[in-house]
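One letter stands for each residue in the lines below.
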Amino acid sequence: MGMGGVKRVRSSEVLACGPRTTSRIVRIREVVDPCSGNPCTRAQRKSCRAGVLPCVGRTRTPRRRDWKVFELLRVNRPRLLPVVLSTSEVRAVLSVIRHPVRRMALATIYALGLRLNEGLSLETGHIDSERLMVWVRDGKGARDRGVPLPRPLLTRLRRYWKTERPASSTPYLFVAPEGKAPLHETALQKTFMAARAEARLAKVPTIHTLRHSYATHLLEAGISLRTIQQVLGHRSMRTTEIYMHVTQPGLERLQETLDRLMVDL
């Protein structure tokens, strides 16, 4: 039996039918499962079968449905809250990494709130030490943006460039051991997973968790959502607002205020 209690018809049975019966079976299949044989994702298939959204893979236009119930149906996309590390957990993970290039790469990704590919694409020309800015070139959406450069990170990067970076003619900050190409994403991901296990964290973070943690720590420090949106390079404020659900900015100041106001009741 197929979906909705409809019996599946084998191809041999279809060929044994007459042309009128065959076309009728095809039309019934398109109504019951309009995504059959089409390159649809799971979410698109669910919406298509619910009669809400048009199927991107359809080659035919089905009959118009006038059932009002379908106007109320929506397939909700899951909106999961990101995993966030505390400042002590971030330092615990970084402290167990012994490879200098990979440790510096992960520390930079956290300190600048970068995506993985943005961090590994950094070049020396992207750092403006006079203005304390790092320019992210060709980021997500093919857009450039400026990110504030913390002074401790600038000092650490200078020491890394002089004593720890492998000899290389490329302008990339973080290069592979042979010095001919930038550090590969897979190598850094494996290093982070090993450090996460060695640090024995109860959470299951990824490298992108460092970016989530960066944004959350800024929000907890009182930085506005609008500023965080610009630093992270989010096109929509809704993307940045998700960090409001994983932190409670100003809660400590609220507690202090309440203690002061409610004294001698």
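These figures come from a predicted structure and were not determined experimentally.

What counts and how
Residues numbered from 1 in each chain as written. Predicted model: local features only at pLDDT ≥ 70, side-chain atom pairs only at ≥ 80, totals over all residues. Heavy atoms only, no water. Helix = DSSP H or I, 4+ residues; strand = E, 2+ residues; numbered from the N terminus. Expected span 1.5 Å × (residues − 1). Contact = heavy atoms within 4.5 Å. pLDDT = per-residue confidence, 0-100. Core = buried A, V, L, I, M, F, W, Y, C linked by side-chain atoms within 4.5 Å. Buried < 20%, exposed > 50% of the residue type's maximum accessible area, 1.4 Å probe, protein only.

**Looking at helix H8 (residues 185–199)**
Along its 15 residues, H8 runs 21 Å from first to last C-alpha, staying within 8% of the 21 Å computed at 1.5 Å per residue. Residues of H8 that are buried make contact with helix H4 (87–95), helix H5 (100–112), helix H6 (116–120) and helix H9 (207–220). Looking one or two places after H8, you find Arg200, whose phi comes out positive at around 55 degrees.

**A look at the confidence of the model for the protein**
Interpretation of the predicted coordinates at a detailed level should be avoided for regions scoring low in pLDDT. Residues of the protein with pLDDT of at least 70 account for 68%, and the chain-wide mean is 79. No element of the protein has a lower mean pLDDT than helix H1 (residues 11–16), at 48, and none a higher one than H5, at 96.

**Regarding the nonpolar core**
Core analysis: the largest hydrophobic core is formed by 45 residues, its most contacted members being Leu106, Leu112, Phe174 and Leu188. Of all the secondary-structure elements, those providing two or more residues to this core are H4, H5, H6, strand S2 (133–136), helix H7 (151–163), H8, H9 and helix H10 (225–232). Top element by residues in this core is H5. It accounts for nine residues. When residues no more than four places from it in sequence are discounted, the contact partners of Leu188 are Arg102, Ala105, Leu106, Ile109, Leu116, Leu120, Leu183 and Ile207.

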